Amino acid sequence: MAYEQKTKQNEQSVMSFIEEVDHSKKREDAYRLLDIFTETTGYEAKMWGSSIIGFGSYHYKYKTGHEGDAPLVGFSPRKAKISLYFATGDPEREELLEKFGKHKSGKACVYINKVEDIDEEVLKKLILQSVTFLQRMYPVE
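Per chain, residue numbering runs from 1 following the sequence as it is written. It should be noted that, the model being predicted, local features are given only for residues of pLDDT at least 70 and side-chain atom pairs only at 80 or more, the latter also being counted only at that level, while totals for whole chains, interfaces and linings use all residues. As a rule here, side-chain values cover all heavy atoms of the structure and leave hydrogens and water aside.

The next subject is the overall build of the protein. A tally of helices and strands in the protein yields four helices and nine strands. Secondary structure elements are taken from DSSP: a helix is a run of H or I of four residues or more, a strand is a run of E of two residues or more, and numbering for both begins at the N terminus. N-terminal to C-terminal, the α/β element order of the protein is β-α-α-β-β-β-β-β-β-α-β-β-α. The atom set for the radius of gyration is the C-alpha atoms, and the globule formula is 2.2 Å times the number of residues raised to the power 0.38. Compactness check: the protein gives a C-alpha radius of gyration of 15 Å against a globular reference of 14 Å for 141 residues, within 12% of the reference. Only protein chains enter the accessibility calculation, which uses a 1.4 Å probe; a residue whose area is less than 20% of its type maximum is buried, one above 50% is exposed, and one in between is partly exposed. Taken across its 141 residues, the protein has 43% of its residues classed as buried. The protein chains shown are the only cover counted for residues, whose accessible areas, like all others here, come from Shrake-Rupley with a 1.4 Å probe. Only carbon and sulfur atoms are counted for the fraction: they give 51% of the accessible area of the protein, which is about 8400 Å². Counted charges follow a simple rule, with Lys and Arg positive, Asp and Glu negative, and His plus the chain ends left uncounted. We put the charge of a Lys on NZ, of an Arg on CZ, of an Asp on CG and of a Glu on CD. Counting 21 positive and 23 negative side-chain charges, the protein places the centres of these two groups 5 Å from one another.

Structure below.
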């Protein structure tokens, strides 16, 4: 049975999604992140699934045969925290996170409460590092 990828890029409006964010401060932060990610990547924001705002995309294929598409980087203004999606597996990511500011990191996500808790210059470096790393790992054929 083929695996059906749940989180796919779609045509849902990024602006409408941000406008539906309940908390006004989180909505402001989402617009700030939208600007930073757009300027830094040069990619247009696209919705992935129902709640992830992604930039660029890459096609991955694992040794198991599992493959799919994912955004190079992205974020999601969730109720509890804002999730930031960066590539994993690059040691440079950990070095940058040490200088990032107040955050928690999971396997693929970095969680922040608000944009003012973090260093925006380090955020830009994390975005660029992630994009470069993934484009090196998964070159466009």
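Attention shifts here to the nonpolar core. Generally speaking, soluble globular proteins have nonpolar side chains that are buried together. Only buried Ala, Val, Leu, Ile, Met, Phe, Trp, Tyr and Cys residues count toward a nonpolar core, and they belong to the same one when joined by side-chain atoms within 4.5 Å. Membership of the largest hydrophobic core comes to 36 residues, with the highest contact counts inside it found for Phe37, Ile53, Phe75, Leu84, Phe86, Phe100 and Leu123. Ranked by residues supplied to this core, first place goes to helix 4 (residues 120-137) with seven residues.

The next point concerns the packing of aromatic side chains. Side-chain rings of Phe, Tyr and Trp, where Trp is taken by its six-membered ring, are said to pair if the distance between their centres is within 6.5 Å; with planes under 30 degrees apart they count as stacked, over 60 as edge-to-face, and otherwise as tilted. Applying the stated criterion across every chain, the model contains six aromatic pairs. Geometrically, the ring pair formed by Phe37 and Phe75 is tilted, given 5.3 Å between the ring centres and 40° between the ring planes. Here Phe75 lies in strand 6 (residues 73-77) and Phe37 lies in helix 2 (residues 24-41), a separation of 38 residues in the sequence. Comparing Phe37 with Phe75, the two get one shared label, buried. In textbook terms, an aromatic cluster arises when at least three aromatic residues are bridged by ring pairs, as seen for Tyr58, Tyr60, Tyr62 and Tyr138.

Glancing now at the packing of helix 3 (residues 91-98) against helix 4. For the pair helix 3 and helix 4, interaxial distance at closest approach is 10 Å and the crossing angle is 170°. Here helix 3 lies roughly antiparallel to helix 4, going by the angle between them. Every residue of helix 4 that contacts helix 3 at Glu92, Arg93, Leu96 and Leu97 is listed here: Val122, Lys125, Leu126 and Gln129. The class makeup of the residues in the contact of helix 3 with helix 4 is four nonpolar, one polar and three charged. Geometry is summarised by axes, namely lines fitted to C-alpha atoms with helices restricted to the contacting stretch, and by angles between N-to-C directions that run from 0 to 180 degrees. Note on angle classes: values under 35 degrees are labelled roughly parallel, values over 145 roughly antiparallel, values of 65 to 115 roughly perpendicular, and the remainder oblique. Working rule for contacts: check all heavy atoms of both residues, and any pair within 4.5 Å makes them a contact. Polarity classes work like this: nonpolar for Ala, Val, Leu, Ile, Met, Phe, Trp, Tyr, Cys and Pro, charged for Asp, Glu, Lys and Arg, and polar for all others, with Gly in that last group.

Next up on the list: the sheet that holds strand 8 (residues 104-105). Strand order in the open sheet made by the seven strands is 1-2-3-6-7-9-8, with antiparallel pairing throughout. Where the open sheet ends on each side, the last strands, each with one partner, are strand 1 (9-10) and strand 8. Running over the sheet, helix 2 touches strand 2 (45-48), strand 3 (52-55), strand 6 and strand 7 (82-85) and is turned about 175° from strand 6. Here, a strand pair is defined by DSSP locating no fewer than two bridges between the strands.

Once that is clear, we can look at helix 3. Listed in full, the buried residues belonging to helix 3 are Arg93, Leu96 and Leu97. End-on view of helix 3: buried residues confined to an arc of 100°, all on one side of the axis. Pointing more than 90 degrees away from the buried face of helix 3 are the exposed residues Pro91 and Glu98. Residues of helix 3 that are buried sit in contact with strand 8, strand 9 (109-112) and helix 4. Near the N-terminus of helix 3, the side chain that reaches the backbone nitrogen of Glu92, with its oxygen 3.0 Å away, is that of Asp90. In this description, one arc is meant: the one made by directions from the helix axis to the C-beta atoms. Polar contact is defined as a pair of N or O atoms within 3.5 Å, subject to the rule that within protein one atom must be able to donate a hydrogen and the other to accept it, and that residues adjacent in sequence are counted only when both atoms are side-chain atoms.

The element strand 6 is largely enclosed, with a buried count of five among its five residues. Side chains Val73, Phe75 and Pro77 of strand 6 all project onto a buried face; the interleaved residues Gly74 and Ser76 project onto the opposite face, where all are buried too. Where strand 3 meets strand 6, three bridges bridge the pair, whose relative direction is antiparallel. Pairing of Gly54 across the sheet is with Gly74, part of strand 6. Looking at chain direction, strand 6 and strand 7 are connected through four bridges and run antiparallel. Counted as the bridge partner of Gly74 is Tyr85 from strand 7. Between strand 6 and strand 7, which follow one another and run antiparallel, lie four residues.

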